[in-house]
Amino acid sequence: MSEASSGGDLRRLRQLNVVAALRVLRAEAPLTVTELAKRTGLSRASTEDVVRDLLSRGWISEVEPTAGTVGRPARRYRFRADAGRLLGVDIGGHKVLAVVTDLEGDVVHQARIPVAPDAGRRERLQAVDDCIAAALTGAKVTAEQIWATGVATTGLVDGTGKVMLSDSLPEWTGVDLAAHLRRVVRGPIRVENDCKLAALAENWRGVARYAKDVVFLLAGLRTGAGLIIDGQLHRGFANSSGEIGALPAVGWGRAPEHLHAWLGPDEPVERVFLAARDGDRAALRAVRSYVRDIAIGTSALVLTLDPELVVIGGGFSRSADVLVEPLRRELDRWCLRTPEIRVSAFGDEGVALGAVRLAVEQVESTLYGDAPATAALLMF
């Protein structure tokens, strides 16, 4: 064996050892070297080498011994979630929300900038840039410290981060979000449809985290859906799963019109839900008409997937107390079995959390699935 190939094999072995140790330390409570060696299957000498390496890079830290411990306790080590930062961005019709988190997805700082629904491409992208800058400043990090970024947007998105089709944001079809954001932050950038990422957030940390099959309904001024199948986000062959609202007969496009018909000029949509909650008959009729329209497409998805749960999220989820029962009655009419209906606790922040999860998945795939990429990450 040549010296070059021998050196390459040693580097590869070191990367595998690092990956094994990180996987265990991320998943478990602080461990001693002996415990870590046992769980990874590495020799004690190799484990000690990996621990020294990870300590020097700042990826792990030694845990202070418990107060009152008798004798000299064995040193214990934990993964440092604060060793790096992730970025999640939600580009919506009325706002941009940017969230900076640690490597486990726990929020460090977030920023929100309102955007007019009729804003063009240039204005919306400028709001994205400003919102990211505000989030980074608030989190006291630089763009160079972001390890990975997840981005959520309305419309269909291809595998490169380009919006293939968007009928709800002006001038948005054809925007290459990944290319734009590469000028703003470093690290890998992944872009996905907002409904899919909201579903991903529920399956990660929300009300659907223990469910395998889920229909997620994004209820707001726009209606969309995301599907979880066998515990995984379902994207479909061309990344367009869940787009049942594209069928005019489903009625998702016209559903919000029932609510707007009750409202006066420039009144927020929340007013109709407040009035329905107070028993206003006209408001109740408007809400029931809205629910009837969204129930048709929801029923089609339920009949196709037979999910454990239907989860209601999005901006209207805050008014779920006047939506859930009418929706359940409509599903009872059309479905062979009505699943349990749960309400997201994330409000309009679920999409951004799903974008963060996308960034977490990117880091995990780098650490655990790609040795050359792992080596590049070790250069931080």
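As the structure is a computational prediction, the values presented were derived from the model and not from experiment. (Residues numbered from 1 in each chain as written. Predicted model: local features only at pLDDT ≥ 70, side-chain atom pairs only at ≥ 80, totals over all residues. Heavy atoms only, no water.)

Quick look at a positive patch on the surface now. A grouping of Arg-281, Arg-285, Arg-288, Arg-292 and Arg-329 is seen on the molecular surface, where their side chains present a positively charged patch. With four residues, helix α9 (residues 281-305) is the largest single contributor of residues to the positive patch. Along the chain, Arg-292 falls in helix α9. (Patch = residues over 30% accessible without salt bridge, like charges linked within 9 Å, V, L, I, M, F, W, Y side chains within 5 Å. Areas by Shrake-Rupley, 256 points an atom, 1.4 Å probe, with all protein chains shown as cover. Salt bridge = Lys/Arg side-chain N within 4 Å of Asp/Glu carboxyl O. Lys, Arg positive; Asp, Glu negative; His and termini not counted. Charge placed at Lys NZ, Arg CZ, Asp CG, Glu CD. Helix = DSSP H or I, 4+ residues; strand = E, 2+ residues; numbered from the N terminus.)

The next point concerns the sheet that holds strand β12 (residues 223-229). The five strands lie next to each other as β13-β12-β11-β14-β15, forming an open sheet whose pairing is mixed. At either margin of the open sheet sits one strand with a lone partner, and together these are β13 (232-234) and β15 (340-343). Neighbour-to-neighbour, the strand axes of this sheet turn through a mean angle of 30 degrees, independent of strand direction. The pairing of β12 with β13 spans three bridges and is antiparallel. Residue pairing for β13: Ile-229 is matched across the bridge by Gln-232. Strand contacts of helix α10 (residues 324-334): β14 (309-313) and β15, with the helix running at about 155 degrees to β15, the strand carrying the most contacts. (Pairing = 2+ DSSP bridges. Axes fitted to C-alpha atoms, helices over the stretch in contact; angles between N-to-C directions. Contact = heavy atoms within 4.5 Å.)

For the rest of this paragraph, the subject is the pairing of strand β7 (residues 146-153). Where burial is concerned, most of β7 is hidden: eight out of the eight residues are buried. When strand β4 (residues 85-91) meets β7, the two strands line up parallel, connected through seven bridges. Across the sheet, Val-89 pairs through a bridge with Val-151, a residue of β7. Relative to strand β10 (residues 189-193), β7 runs parallel, the two sharing five bridges. Directly across from Thr-149, in β10, lies its bridge partner Ile-189. (Buried < 20%, exposed > 50% of the residue type's maximum accessible area, 1.4 Å probe, protein only.)

Below, the discussion takes up the nonpolar core. Grouped together as the largest cluster of nonpolar side chains are 37 residues, with contacts concentrated most on Val-272, Phe-273 and Tyr-290. Among the elements of the structure, β11 (214-219), β12, α7 (255-262), α8 (270-277), α9, β14 and α10 are those that each provide at least two residues to this core. Counting residues per element, this core draws most heavily on α9, at ten residues. Those residues in contact with Tyr-290 that sit more than four places away from it in its chain are Ala-219, Gly-220, Thr-223, Ala-255, Pro-256, His-258, Leu-259, Phe-316 and Leu-323. In this structure, Ala-127, Leu-136, Ala-139 and Val-151 belong to the second largest nonpolar core, which totals 32 residues. (Core = buried A, V, L, I, M, F, W, Y, C linked by side-chain atoms within 4.5 Å.)

Moving on, we come to the domain arrangement of the protein chain. Domain annotation of the protein chain identifies domain 1 (5-79), domain 2 (85-198 + 351-378) and domain 3 (207-343). For domain 2 versus domain 3, the separation of C-alpha centres amounts to 26 Å. Each side of the interface is counted separately: domain 2 has 15 residues, and domain 3 has 15 residues. The three residues of domain 2 that bury the most area against domain 3 are Leu-156, Cys-195 and Lys-196, which together make up 49% of that side's buried surface. Seen at the junction of domain 2 and domain 3, the total is two salt bridges. Of the charged contacts, one joins Glu-192 and Arg-235 as a salt bridge, the two residues approaching to 2.7 Å between their closest N and O atoms. Across the domain 2-domain 3 interface, the total number found is six residue pairs in polar contact (both at pLDDT 80 or more). Secondary structure elements with two or more residues in the side of domain 2 that touches domain 3: β8 (156-157), β10, α6 (194-205) and α11 (350-369). If one sorts the elements of the side of domain 2 that touches domain 3 by residue count, α6 sits on top with four residues. (Domains from an automatic or database assignment. Buried area = accessible area lost by both parts, 1.4 Å probe. Polar contact = N/O pair within 3.5 Å; in protein donor to acceptor, adjacent residues only side chain to side chain.)

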